[in-house]
Amino acid sequence: MTTTSDVILERMMSLHPKIIDLTLDRVWRLLDIMGNPQDRLPPVIHVAGTNGKGSTQAMIRAGLEASGAKVHAYTSPHLARFHERIRLAGDLISEEALTDVLDRCYQANGPEPITYFEITTVAALVAFAETPADYTLLEVGLGGRLDATNVIAKPALSIITPIDLDHQSFLGDTLTEIAGEKAGIIKRGVPCIVGPQHDECLEVIEQQAARFSAPIKAHGQHFHATTEAERMVYQDETGLLDLPLPALLGPHQVQNAGSAIAALRTLGKDEFACDSAMTQARWPARMERLTRGKLVQRAKGAELWLDGGHNPAAAAAIVATLRNLPTKPTHLICGMLNTKDVTGYMAALADVADSLIAVSIPGEPNTIPADETARIAQSVGLAQSVAQNVESAIDSLAASESGARILICGSLYLAGHVIRANESA
């Protein structure tokens, strides 16, 4: 039987009993065995933060590629297929290449303990080192200081997107503690772009940057991004750019776009690259309107939207986006994990949603049971019900209110399930 990437990934899941175990020791060990690929990468742009990492990275990639650059990109988690995590010189890694690099890392690691994220990150770095490109975009998985991506001695650029409360059991209970973990990606002398931050987070970042003599470009101080007459106006010390609004929907994307443009300008890219960052970026499951597919057909005349945000700050971004859309009845289909602030997430959405249908996330051991999700929704004032699955929830809403807006939300894992279900034959 032919070994596939799925088979190897399944084997990798058994190498460590914990899904998350923040330390770099196991990563350094395997990187050394694999010939230290982290030292042979094209210039690295390292992105950390709580919200907006993926969107910011997508805009930077669009701008760099428009300028003619070949760009590696690493993101997590994936939605439908693991291959989404690794782009080699602009293209998703092939099944053949993924299977080969995963197998080599698995064989080199042997029976030694290593987490799934750690060994797959090493595999990505090996693939990047072996494929010519002009830039490498690395998105932090969790935190920053002890994240498996934090092995680059001298990135070309560091970026810290907005920080908020999330993953407290791993990163700390306060914004200050979490900011300290995120700021761990700052390297000596390496410029750092800083998106909009709470005051206490910015103070931590500035202290870390000063400690490592890392020049900072901070939103609201060194660059500004605002909207004016359906355009985005970006300004920094080198001048003003009049740009299209980001293709990614939502007022929060203007802030992410500001960080992306600051990064492109720091890298010496021109206005064409900045313009392309706005118009060409694509990032699925971030207030994405689904317009074709099996689930769209089930929705009949209803709009079908998908968002993978899962914390109160992400919910606030959803609210702002919905308020910018034409007014119509809005119903949520929601499934979440038990590691998230479910009450905070729901409370933010209560003012813009007419109802919520709770579902469990298929195949996820950490899913909150639909009944519990519904109970929390009720506690914050949302009309609620329970459905066996997303399909039956869509059927129910389509039958009762055909012209409504349906937003499937609460988890990237749920979003991945929806994407697969929408594409299935």
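Only a predicted model underlies this, so the values are computations on that prediction, with no experimental measurement involved.

Q: Just give me the short version of the sheet that holds strand β11 (residues 239-244), but keep the residues and values in it.
A: One open sheet holds the three strands; their spatial order is β9-β10-β11, and the pairing between them is antiparallel. Two strands bound the open sheet, and with one partner strand each, they are β9 (223-228) and β11. Each neighbouring strand pair of the sheet contributes to a mean axis angle of 20°, computed without reference to strand direction. Where β9 meets strand β10 (residues 231-236), six bridges bridge the pair, whose relative direction is antiparallel. Paired with Thr226 across the strands is Val233, a residue of β10. Packing against the sheet, helix α10 (residues 271-280) makes contact with β10 and β11, and its axis sits at approximately 35° to β11.

Q: Before we move on, could you go through helix α16 (residues 412-423) and cite the residues and values that matter?
A: Counted at 1.5 Å a residue, the expected span for α16 with its 12 residues is 16 Å, and the 16 Å between its end C-alpha atoms agrees. With respect to burial, α16 is a largely interior element, nine of its 12 residues being buried. Looking at the packing, one finds that the buried side of α16 touches β12 (288-290), α11 (294-299), β13 (303-306), β14 (330-334), α15 (390-400) and β17 (405-409). With a side-chain oxygen positioned 3.0 Å from the backbone nitrogen of Tyr413, the residue opening α16 is Ser411.

Q: Kindly report on the packing of aromatic side chains, identifying the contributing residues and their values.
A: Inspection of every chain in the model, using the stated rule, returns three aromatic pairs. With 6.3 Å between their ring centres and 85° between their planes, Phe82 and Tyr116 make a pair best called edge-to-face. Here Tyr116 lies in helix α5 (residues 116-129) and Phe82 lies in the loop between β2 (71-74) and β3 (86-88), a separation of 34 residues in the sequence. Look at Tyr116 and you get buried, because its relative accessible area is 19%. With a centroid separation of 6.0 Å and an interplanar angle of 25°, the aromatic rings of Phe223 and Tyr234 are classed as stacked. Highlighted residues: Phe223 in strand β9 and Tyr234 in strand β10, separated in sequence by 11 residues. Owing to a relative accessible area of 1%, Phe223 belongs among the buried residues under this scheme.

Q: Talk me through the pattern of salt bridges; I want residue IDs and the actual numbers.
A: Counting across every chain of the model gives 12 salt bridges. The shortest N-O distance in the salt bridge between Asp100 and Arg104 comes to 3.1 Å. Of this pair, Asp100 and Arg104 both sit in helix α4 (residues 95-109), four residues apart, which is roughly one turn of that helix. Of the residues examined, Asp100 reaches a relative accessible area of 40% and is grouped as partly exposed.

Q: Residue-level account of the packing of helix α3 (residues 53-66) against α10, with values.
A: For any two helices packed against each other, the geometry is given by the interaxial angle and the distance between the axes. At a closest axis distance of 7 Å, the pairing of α3 and α10 adopts a crossing angle of 130°. Between α3 and α10, the crossing angle belongs to the class labelled oblique. Between α3 and α10 lies a crossing of right-handed hand. For the pair α3 and α10, the contacting residues are Met59, Ala62, Gly63 and Ala66 in the first and Phe272, Ala273, Ser276, Ala277, Met278 and Gln280 in the second. The class makeup of the residues in the contact of α3 with α10 is seven nonpolar, three polar and no charged.

Q: Help me get a handle on helix α13 (residues 342-349), residues and values and all.
A: Within α13 the residues assigned to the buried category are Val342, Tyr345, Met346 and Leu349. Looking straight down α13, one finds that the buried residues subtend no more than 90° of arc, so they occupy a single side. Next to the buried residues of α13 lie α12 (312-324), β14, β15 (355-358), α14 (370-379) and β17.

Q: Explain the sheet that holds β14 residue by residue, including any values.
A: Across the sheet, which stays open at both edges, the six strands sit in the order β12-β13-β17-β14-β15-β16 with mixed pairing between neighbours. The sheet terminates laterally at β12 and β16 (384-386), the two strands that pair on one side only. With strand direction ignored, the average angle separating the axes of adjacent strands in the sheet is 25°. Examined bridge by bridge, β14 and β15 share four bridges and lie parallel to one another. Residue pairing in the sheet places Ile333 in a bridge with Ile357 of β15.

Criteria and cut-off values
Residues numbered from 1 in each chain as written. Predicted model: local features only at pLDDT ≥ 70, side-chain atom pairs only at ≥ 80, totals over all residues. Heavy atoms only, no water. Pairing = 2+ DSSP bridges. Helix = DSSP H or I, 4+ residues; strand = E, 2+ residues; numbered from the N terminus. Axes fitted to C-alpha atoms, helices over the stretch in contact; angles between N-to-C directions. Contact = heavy atoms within 4.5 Å. Expected span 1.5 Å × (residues − 1). Buried < 20%, exposed > 50% of the residue type's maximum accessible area, 1.4 Å probe, protein only. Polar contact = N/O pair within 3.5 Å; in protein donor to acceptor, adjacent residues only side chain to side chain. Phe/Tyr/Trp six-rings, centres within 6.5 Å; stacked < 30°, edge-to-face > 60°. Salt bridge = Lys/Arg side-chain N within 4 Å of Asp/Glu carboxyl O. Parallel < 35°, antiparallel > 145°, perpendicular 65-115°, else oblique. Left-handed = near helix turned anticlockwise from the far one by under 90°. Nonpolar A, V, L, I, M, F, W, Y, C, P; charged D, E, K, R; others polar. Arc of directions from axis to C-beta.

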